[in-house]
Amino acid sequence: MFEPVLLKNMDVPDGHLLSSYEAGGGYQALAKALHEHTPDEIIDLVKESNLRGRGGAGFPTGLKWSFVPKRAGKPKYLCCNADEGEPGTFKDRIIMERDPHQLIEGMAIGAYAIGAETAYVYIRGEYVLAIQRLEQAIAEAHEKGYLGTRILGSDFNFVVHIHCGAGAYICGEETAMLDSLEGKRAQPRLKPPFPAVEGLYASPTVINNVETLACVPHIVMRGPVWFRGIGPDKSPGPKLYCLSGQVRKPGLYELPMGIPLRELVEDHAGGPPPGRKIKAVIPGGVSAPLIPEHGLDVGMDFDSLAAAGSMLGSAGVIVVDDSTCMVKVATRIIEFFHHESCGKCTPCREGLNWVVKVLRRVEAGQGAPDDLEQLEALCKGIFGNTFCALGDGAAMGLRAALAHFEDEFGAHIEERRCPFH
Amino acid sequence: MNMREQIEAAAARYPDQRSAIMPALLIAQKEHGHLPGPVLEEVSDILGVERVWVYELATFYTLFHTEPVGLFHLQLCDNLSCMLRRSEDLLRHLETVLGIEKGGTTPDGLFTLSTVECLGACEMAPVMQVGDDYHGDLDIARIDALLDRLRAAAGQATGAELAAAAPPGE
Ligand SMILES: Cc1cc2nc3c(=O)[nH]c(=O)nc-3n(C[C@H](O)[C@H](O)[C@H](O)COP(=O)(O)O)c2cc1C
Ligand code: SF4
Ligand code: FES
């Protein structure tokens, strides 16, 4: 059986307290990093581990860190992306609520590697308990000298601040997050310059997801070879999967990267409710194109899912059973993207507005015979033409629903009603 | 700490005062219940930043309320994972028992009902946030019990807290 790594402290009583974390070997990785490794060696370790970002895009973490200029002449920043707005995703919240020191230790090691003395954790404002726990953990870590000046007798100084978001999904996009941190409306920035060179306050900045940073202490302690040995070599490591929707045992599961989606849903999460069959599964939050039941044998890792026309994204696995109308599912997903569109670019702002209108009328049994062509034309106008990945994600999601469930969309239009009502 | 001191402490975390507008608005909203014009102006004065910057953020982010909300803001998630677990039924029930539509506030100023996008707690879908707390695995019986508890808690709320909530009869 797979022994949990990231979730190993979940069932420890008061696991969020420093004393519990230390009792489980906590902060030994930080000591090891500071006393036995140079910053460059830490970057090399992370590169060798093949750790890829858990925020959605799967970018190699060590490579990202290596882009930060060594001599910048400016302060450098680490930003932890704890905005977690992707529907179907709740892993970062659970890490912060139950094991916040794991994140703080990962941030400290990451900051040491890139030469940052300040980190901001951008955390969504709704996560009140996670915010409290993280604040408490930061205070405890200061008290014990894991944060602050001359940490553990080294020359490394580092502080962590919390910055609360205020309810905008787009703040999860890393450059929009930087604008939000600078006190502006959250809208994505043009790249290049990339944040590693010119990020927060035009200084070199690394943005990493909570789960990505939580992997780092384990890589330092147990080595890159151990990490790479879990799951596929190019996309390895322990992975958190968020199971929700029409499944018997929703919850957070830690399993190796690359586990077959079918095994995850049917064996671990108990399959669909009694008497129901799985119709489709969204593997990585609503930005990830859905996979119909017959495609569930795919591995849950960045490369396998990309090859299957979807993506691992945030590993928010949403299960849809055969009692559910796929037009309704697609409509709800696009309504979300439309609501969260930041309005900066026309294809996303206006295109999604039209898509929602057409989908709503199809769902209500008032679709026109050429509405499916309209939808495809709208997707074509959006995909590849937007400023950030939000618009693309919406178009890809809708295309997958149309491709796999064309008959359901067609039935709504022909029968002039929803066959599920 | 009073509001000004809290805002100044928050501002010390950033090299640029503009970054402190969001934290300041969260502090001010906690203090006043919502963010009317004079409060926004006070925030801009404390931080010494342009008023338009403050207005811009107060209207962009959905957690900021420039209009009054009820003492208890019921924020029901209706995103996909909650929808698949029948959050719609809960919305209809809440609308019926509270006698308001979503977006509305009860005449006694106790409850404002909204739907929100994913709360990041889909493992306990359907979920509703009320104030600082998440309530998960909801069904109609649990909703009714929760409303009873909130009404009882309101009986103990202070006059000032009630006044900060939506004005009666709106
Ligand atoms: C619309 C949009 C929303 C995003 N939301 C999040 C989010 O909530 N959390 C997150 O970690 N990354 C999110 N991302 C990805 C980030 O832009 C970024 O790639 C990530 O935080 C980098 O961290 P990583 O390399 O550790 O994965 C989002 C991207 C887009 C385009
Ligand atoms: S694609 Fe949408 S969210 Fe992204 S920049 Fe354009 S309008 Fe904003
Ligand atoms: S969809 Fe409701 S909490 Fe995520």
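Just so it is clear, the structure is predicted and the values come from calculations on it, not from any experiment.

Visitor: Would you mind going over the nonpolar core with me for this structure?
Guide: The biggest cluster of nonpolar side chains holds 86 residues, and the ones touching the most others in it are Phe337, Leu398 and Phe409 of chain A together with Leu25, Leu47, Tyr61 and Leu80 of chain B. The greatest single-element share of this core, amounting to 8 residues, is contributed by helix H13 (residues 326-340) of chain A. In contact with Leu398 of chain A, other than residues within four places in its own chain, are Ala330, Ile334, Val355, Leu359, Leu375 and Cys379 of chain A. One finds Leu18, Tyr127, Ile131 and Leu240 of chain A within the second-largest nonpolar core, a separate group that totals 75 residues.

Visitor: Even after reading the chapter, I still don't get the site of ligand 2, so can you show me in this structure?
Guide: Around ligand 2, the structure places 13 residues, and the nearest of them are Cys342, Lys344, Cys345, Cys348 and Cys388 of chain A. Tallied by class, residues from the shell around ligand 2 come to 8 nonpolar, 4 polar and 1 charged.

Visitor: Which parts of the structure should I look at to understand the domain arrangement of chain A?
Guide: It is common to give the size of an interface as the accessible area that goes away when the parts come together. Residues and elements named next belong to chain A. Along its sequence, chain A is carved into domain 1 (18-229), domain 2 (238-321) and domain 3 (326-415). Averaged C-alpha coordinates put domain 1 and domain 3 at centres separated by 35 Å. Opposite the 11 residues of domain 1 that make contact, domain 3 presents 9 residues. Inspection of the region where domain 1 meets domain 3 yields 0 salt bridges. At the boundary of domain 1 with domain 3, the tally comes to 3 residue pairs in polar contact (both at pLDDT 80 or more). Here the side of domain 1 that touches domain 3 is built from residues that sort into 7 nonpolar, 2 polar and 2 charged.

Visitor: How should the interface of chain B and chain A be read in this particular structure?
Guide: Taken together, the contact pairs 36 residues of chain B with 52 residues of chain A. Interface area, chain B with chain A, both sides summed: about 3,600 Å², of which 58% is carbon and sulfur. Counting the surface chain B buries against chain A, the share from its top three residues, Phe60, Leu84 and Glu123 of chain B, is 17%. The tally of links between chain B and chain A comes to 4 salt bridges.

Visitor: Sorry if this is basic, but what is going on with the UniProt feature "binding site: [2Fe-2S] cluster" (unreviewed entry) in chain B here?
Guide: Per the UniProt entry, the sites bearing "binding site: [2Fe-2S] cluster" (unreviewed entry) are Cys77, Cys82, Cys118 and Cys122 of chain B in this numbering. The greatest C-alpha distance among the residues just named is 9.2 Å, despite their covering 46 residues of sequence, which places them together in space. The class of Cys118 of chain B is buried, set by a relative accessible area of 5%. The residues contacting Cys118 of chain B, other than those within four sequence positions of it, are Glu86, Pro87, Gly88 and Arg124 of chain A together with Cys77 and Asn79 of chain B.

Visitor: Looking at this structure, how should I read the confidence of the model for chain B?
Guide: Atomic detail in the predicted coordinates should be set aside for any region of low pLDDT. Chain-level statistics for chain B give a pLDDT mean of 92 and a share of 92% at 70 or above. Under the prediction, the complex receives an ipTM of 0.97, its pTM being 0.96.

Visitor: Explanation requested: the sheet that holds strand E3 (residues 159-164) of chain A in the structure shown.
Guide: The pairing of strands in a sheet happens through backbone hydrogen bonds and is either parallel or antiparallel. Residue and element names in this part refer to chain A. The strand order E3-E2-E1-E4 describes an open sheet built from 4 strands, whose pairing is parallel. Each having just a single partner strand, E3 and strand E4 (205-209) make up the two edges of the open sheet. The mean angle between the axes of side-by-side strands here comes to 20°, regardless of whether they run parallel or antiparallel. Pairing of strand E2 (residues 118-123) with E3 involves 6 bridges; the strand directions are parallel. By the bridge assignment, Thr118 is partnered in E3 with Val159. Its contacts with the sheet place helix H7 (residues 128-143) against E2 and E3, and it is angled at close to 165° to E3.

Visitor: Teacher, can you tell me more about the site of ligand 1 here?
Guide: Residue and element names in this part refer to chain A. Around ligand 1, a shell composed of 18 residues is seen, among which Gly55, Lys64, Asn81, Asn209 and Thr212 lie nearest. Interatomic distance of 3.2 Å between a backbone N/O atom of Gly172 and a nitrogen atom of ligand 1. Bound to the protein, ligand 1 loses 89% of the 620 Å² it would expose on its own. If you map ligand 1 onto the pockets, it falls in the second largest pocket.

Visitor: I'm lost on the layout of surface pockets in this one. Help?
Guide: Empty space among the atoms becomes apparent when a probe as large as a water molecule is rolled across them. There is about 1,500 Å³ of room inside the largest pocket. Lining the largest pocket are 40 residues; nearest its centre among them are Val128 of chain A together with Leu26, Gln29, Lys30 and Asp132 of chain B. If you list the elements that add at least two residues to the lining of the largest pocket, you get H7 and E3 of chain A together with helix H1 (3-11), helix H2 (21-32), strand E1 (72-77) and helix H8 (159-164) of chain B. When its residues are assigned to classes, the lining of the largest pocket shows 19 nonpolar, 15 polar and 6 charged. Approximately 1,200 Å³ is the volume attributed to the second largest pocket. As for the second largest pocket, its lining consists of 47 residues, and the residues nearest its centre are Gly55, Ala57, Gly172, Glu173 and Glu174 of chain A. Contributing elements (two or more residues each) for the lining of the second largest pocket: helix H5 (91-98), helix H8 (174-181), E4 and helix H16 (389-404) of chain A. Across the lining of the second largest pocket, the residue classes break down as 18 nonpolar, 17 polar and 12 charged.

Cut-offs and rules
- Residues numbered from 1 in each chain as written.
- Chains lettered and ligands numbered in written order.
- Predicted model: local features only at pLDDT ≥ 70, side-chain atom pairs only at ≥ 80, totals over all residues.
- Heavy atoms only, no water.
- Core = buried A, V, L, I, M, F, W, Y, C linked by side-chain atoms within 4.5 Å.
- Buried < 20%, exposed > 50% of the residue type's maximum accessible area, 1.4 Å probe, protein only.
- Helix = DSSP H or I, 4+ residues; strand = E, 2+ residues; numbered from the N terminus.
- Contact = heavy atoms within 4.5 Å.
- Near = heavy atom within 4 Å.
- Nonpolar A, V, L, I, M, F, W, Y, C, P; charged D, E, K, R; others polar.
- Domains from an automatic or database assignment.
- Salt bridge = Lys/Arg side-chain N within 4 Å of Asp/Glu carboxyl O.
- Polar contact = N/O pair within 3.5 Å; in protein donor to acceptor, adjacent residues only side chain to side chain.
- Buried area = accessible area lost by both parts, 1.4 Å probe.
- UniProt positions renumbered as here; feature names shortened; annotations may be inferred.
- pLDDT = per-residue confidence, 0-100.
- Pairing = 2+ DSSP bridges.
- Axes fitted to C-alpha atoms, helices over the stretch in contact; angles between N-to-C directions.
- Areas by Shrake-Rupley, 256 points an atom, 1.4 Å probe, with all protein chains shown as cover.
- 1 Å grid on protein atoms, 1.4 Å probe; cavity = no way out; pocket = protein on both sides within 12 Å on 5 of 7 lines; lining within 4 Å.
- Sits in = over half its atoms within 2 Å of the grid points.
- Points joined across faces, edges and corners; volume = space filled by probe spheres on them.

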